[in-house]
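# Chain and residue survey
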Amino acid sequence: MYIARFGERHILKRMPGTGRRHDIDCDSYEPPSGLSGLASVEGEAIVDNVEDGTTALKLGFSLSKLAGRAAPAAGENVEGGEARTDGAKLSLKAMLHFLWDRAGFNRWRPEMAGRRNWAVLRKFLLDAAAASTAIGKPLAHSLYIPEMFDAKREEAIARRRAEFLSRAIQSSGNRRSLAILIGEVKEIAPSRIGARLVVKHAPRFPFMLAEDVERRMRRVFANELALWNANADSHLVAVATFGVGPAGVAMVEAIALMAVNENWVPVETGYDAMLVDGLTERGAGFVKSLRYNLAGGQPMACVVRGRDTSPPIAMYVVPDDADADDRTELDGLIAESGMESWVWDIRAGAMPALPI
């Protein structure tokens, strides 16, 4: 660990690349990055600075728009990365995964039950963004996360939102800067032109989607939409770049979606959700792996059991469309990790007994 000075504060932080060397009971323990999509971006798209405790991010999407030119719509690459990216740059969803990871919301242990709401999420996501830079400035300067709605404070909340947007979205010649939204989706409804995205906690400030953006969003993020639709207790988180036009209307330029369960832990499929829910019901602690820029077909650990088990166990879910090459790649990942493993092959039937 080391102490970094960040603004007027001193922060205790973990030395980069040492997460797996911490004791499994330590809050700073982190599974090997190769078990998730983190390995493909750390050191290039995510660069930690031990001098000041900040993290520099290289973004694969634009935070500005040239007048008269459309920004890349959702789904321009294989994984819905809103703009073409490689391992050296973060897609919109990968940036959301980074913030979710740094805020600790991909981790779970029983004492967290009932302690996560939008106010808590907002605080820790903004803290993570404040310690991160993109394009030479704090990421928090471009990040809009709605305050938790309170009818008694609605006017004050709207005023603070307007003040933030006036700073975050500015014009320079024929180029206009964009802001980044992170919000829980309340509904995606048809509008006269395209669609209207309404986020909880900002119900009277809709985000408009052009027809092509909505179409690609529904195609690329069909799994996330299906998971949200199937489970009334789940949440759908949107991350989007947007601008505000002369009419004062927010227009989405690029968007990605992330499904999370009732405890705000991200899930990719219904099988992921079954495993996460099974561990939660049994009082197990775990870290949910996040994909970042990793392609959907590439194997990674679903979760890593830790804290209440020693040694830690990497747990994998093999989809029913996995072929022999996929299984060979998974076997290599398991061997390289050097960790105990638990594997659920969907084609083999019901979920195996959990290692509790």
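A brief look at the structure comes next. Note that the coordinates shown come from a computational prediction; the quantities given were computed from them, not determined experimentally.

Ranked by size, the top nonpolar core spans 67 residues in total, and within it Leu 99, Trp 100, Leu 197, Phe 207, Phe 242 and Ile 255 carry the most contacts. If near-sequence neighbours (up to four positions away) are discounted, Phe 242 is found in contact with Tyr 144, Leu 165, Ile 169, Leu 178, Ala 179, Ile 180, Leu 181, Phe 207, Ala 250, Met 251, Val 252 and Glu 253. Counting 21 residues, the second-largest nonpolar core is a separate cluster that includes Trp 108, Phe 286, Ile 346 and Leu 354.

Turning to the sheet that holds strand E18 (residues 303-305), a few remarks are in order. The five strands are arranged E6-E17-E18-E19-E20 in an open sheet whose pairing can be described as mixed. Of all the strands in the sheet, just strand E6 (107-108) and strand E20 (340-345) have a single pairing partner and so form its edges. Relative to strand E17 (residues 286-288), E6 runs antiparallel, the two sharing two bridges. Residue pairing across strands places Arg 107 opposite Val 287, the latter belonging to E17. Most of the contacts of helix H7 (residues 324-337) go to strand E19 (residues 313-318), to which it runs at about 175°, and overall it touches E19 and E20.

Overall, antiparallel pairing links the three strands, which are arranged E5-E11-E10 in an open sheet. Both outer strands of the open sheet, strand E5 (64-66) and strand E10 (171-172), are each paired with one neighbouring strand and no more. Bridge count for E10 against strand E11 (residues 175-177) is two bridges, and the pairing is antiparallel. The residue of E11 that forms the bridge with Ser 172 is Arg 175.

Moving on, we get to a nonpolar patch on the surface. Where nonpolar side chains cluster on the molecular surface, the patch consists of Met 1, Ile 3 and Leu 12 and spans about 340 Å² of accessible area. Examined against the element boundaries, Ile 3 turns out to sit in strand E1 (residues 2-6). Judged by its relative accessible area of 63%, Ile 3 falls in the exposed class.

Calculation rules
In this convention, every chain numbers its residues from 1, walking through the sequence in written order. Note on the predicted model: pLDDT of at least 70 is required for a residue's local features to be given, and 80 or more for side-chain atom pairs to be given and counted; whole-chain, interface and lining totals, by contrast, use all residues. By convention in this description, side-chain values take in all heavy atoms of the structure and omit both hydrogens and water. As used here, the term nonpolar core means buried Ala, Val, Leu, Ile, Met, Phe, Trp, Tyr and Cys residues forming a set that is joined through side-chain atoms within 4.5 Å. Note on classification: 1.4 Å probe, protein chains only; a residue is buried when its accessible area is under 20% of the maximum for its type, exposed when over 50%, partly exposed between these limits. Contacts between residues were defined by any pair of non-hydrogen atoms, one from each residue, lying within 4.5 Å. Paired strands, in this sense, are two strands between which DSSP finds at least two bridges. Labels follow the DSSP assignment, with helices taken as runs of H or I lasting at least four residues and strands as runs of E lasting at least two, numbered in each case from the N terminus. Axis definition: a line fit to C-alpha positions, over the contact stretch in the case of helices; interaxial angles, taken between N-to-C directions, run 0 to 180 degrees. Patches in this entry comprise residues that are over 30% relatively accessible and not in a salt bridge; like charges within 9 Å are linked, as are nonpolar side chains (Val, Leu, Ile, Met, Phe, Trp, Tyr) within 5 Å. Per-residue and other accessible areas follow the Shrake-Rupley method at a 1.4 Å probe size, with only the shown protein chains counted as cover for residues. A carboxyl oxygen of Asp or Glu within 4 Å of a side-chain nitrogen of Lys or Arg is what we treat as a salt bridge.

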